[in-house]
Amino acid sequence: MSRFSFWMDNARKIALPQSAIPCITAIVLSIGQDGFCWWLVLPVFLGVCAAHLGMNLADDYYDYRKGIPSATIRSTLAAEGSVRARMDKCVYIQSGEATEADLRKAICAFLGFAGLMGLIVVIGQYLANGASAAIAVAVYAVVGLLLGLQYSGKPLELGYHGLGEVVIGLMFGPFNMLGVSAAMTGAFFRPDLALLSLGVGCMVTNIVYVHSVMETSADEKLGKYTFAHLLKGKNAQVSAIGIFALIPFLCLVADIVLYGWTPLYLLTLATVPMSVFLVVSTYKFVHSIAQDDKPRWWMGPMGDWDGYVKAGMDWFLIRWLLARNIDTFFCLIVIFVYIFTLFI
């Protein structure tokens with residue numbers, strides 16, 4: 001169990017809500033749909049989580065093998081306050097706690113377990129809804145795996161060309177939610193869910209993208225090329241955060257107008273103050289404008305804030321955690337409204 005905990009920690013289990021919350025949302029929104037198989041909930045959920053953890057370790061492995069950046073550059077930037085520089089990937093290999101072979105085994109273990117869960121779902125959908133349903137699940141699983149590995153892996157190495165945040169948005173939004181829908185119901189495509197998943201993907205993108213905006217200069221020195229680098233100028237970079245924050249509401253309005261979703265979904269507008277603060281505070285941060293970054297009650301849980309302040313990570317975590325909470329609250333409201341409409 002200690003070894004399992006070791007690899008869970010290094011696979012960044014703290015980031016699991018980025019995939020788990022959209023997954024749960026898609027599962028709930030599949031209830032009542034034709035072909036829904038309630039007994040596939042557990043393998044679907046476990047498969048998504050295991051795939052996420054395996055992809056995280058694979059990303060670390062590719063970065064480690066690439067050999068950038070040097071320990072000297074990291075230590076210098078870390079002393080200057082960079083959070084990214086503190087995230088020295090595969091430090092356990094350097095310390096001797098594990099070897100490259102151990103890391104490869106851990107990647108195979110997580111992805112292998114995800115594959116096993118996927119196989120269970122494919123067989124389950126074949127028995128419940130036929131070959132077309134099984135093929136739909138398999139297509140999402142295989143394409144999602146290939147796309148995820150191309151985040152850092154060859155030949156595309158999308159994360160090294162400024163498209164890492166876009167890949168994450170697609171993986172945890174559309175591919176995650178439509179794949180889960182297919183796994184739960186056997187339906188290859190739901191246009192209404194596709195719209196919602198696009199919005200959720202944008203919110204997940206903001207979780208990682210806001211970090212890139214705050215550390216553009218440090219990332220450049222670390223040899224990391226992010227989506228923020230593709231957008232020239234601080235105002236353009238911050239504007240993208242606002243666009244990513246706006247799209248989810250436009251997608252919900254489209255679902256209400258085009259597919260008859262209840263206007264109650266507009267209760268998600270309760271997260272607008274959080275999005276506004278995210279955009280404004282990031283604008284002030286990149287332009288070095290003084291501001292009060294203390295958490296407010298309406299921002300949601302912020303963990304051990306006093307500890308973050310002592311560690312000098314509060315400037316980063318106020319926006320990272322806020323972006324995470326926006327995604328979580330938005331999805332929870334959607335889940336609540338859907339369940340409510342099932343019983344009225």
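Residues numbered from 1 in each chain as written. Predicted model: local features only at pLDDT ≥ 70, side-chain atom pairs only at ≥ 80, totals over all residues. Heavy atoms only, no water.

Chemist: Can you break down a nonpolar patch on the surface residue by residue, with the values?
Modeler: A cluster of nonpolar residues, L42, L46, F113, L116, L119, I120, I123, Y126 and L127, forms a patch on the protein surface that exposes about 870 Å² of accessible area. When contributions to the nonpolar patch are tallied by element, the ones reaching two or more residues are helix 3 (41-66) and helix 7 (100-129). With seven residues, the top contributor of residues to the nonpolar patch is helix 7. Inspection of the secondary structure assignment puts F113 in helix 7. (Patch = residues over 30% accessible without salt bridge, like charges linked within 9 Å, V, L, I, M, F, W, Y side chains within 5 Å. Areas by Shrake-Rupley, 256 points an atom, 1.4 Å probe, with all protein chains shown as cover. Salt bridge = Lys/Arg side-chain N within 4 Å of Asp/Glu carboxyl O. Helix = DSSP H or I, 4+ residues; strand = E, 2+ residues; numbered from the N terminus.)

Chemist: Could you give an account of the pattern of salt bridges, naming the residues involved and the relevant values?
Modeler: For the structure shown, the criterion picks out five salt bridges. Of the charged contacts, one joins R12 and D60 as a salt bridge, the two residues approaching to 2.8 Å between their closest N and O atoms. Taken as a pair, R12 in the loop between helix 1 (2-10) and helix 2 (17-30) and D60 in helix 3 lie far apart in primary sequence, 48 residues in all. Taking the relative accessible area as the measure of exposure, R12 reaches 28% and is therefore partly exposed. In this structure D60 comes out as buried when scored by relative accessible area, which is 2%. One salt bridge connects R190 with D192, and the closest N-O pair in it is separated by 3.0 Å. Considered together, R190 and D192 belong to a single accessibility category, that of buried residues. (Buried < 20%, exposed > 50% of the residue type's maximum accessible area, 1.4 Å probe, protein only.)

Chemist: How would you summarise the packing of aromatic side chains if you had to cite specific residues and measurements?
Modeler: Inspection of the entire model under this criterion finds 16 aromatic pairs. An angle of 80° between the planes, with centres 5.0 Å apart, marks the rings of F6 and W7 as edge-to-face. Given a relative accessible area of 15%, F6 falls into the buried group. Connected via pairs of aromatic rings, a cluster forms that spans F285, W315, F316 and W320. One residue, R3, lies across the ring of F6, its end atom 4.6 Å from the ring centre. (Phe/Tyr/Trp six-rings, centres within 6.5 Å; stacked < 30°, edge-to-face > 60°. Lys NZ or Arg CZ within 6 Å of the ring centre and 35° of its normal.)

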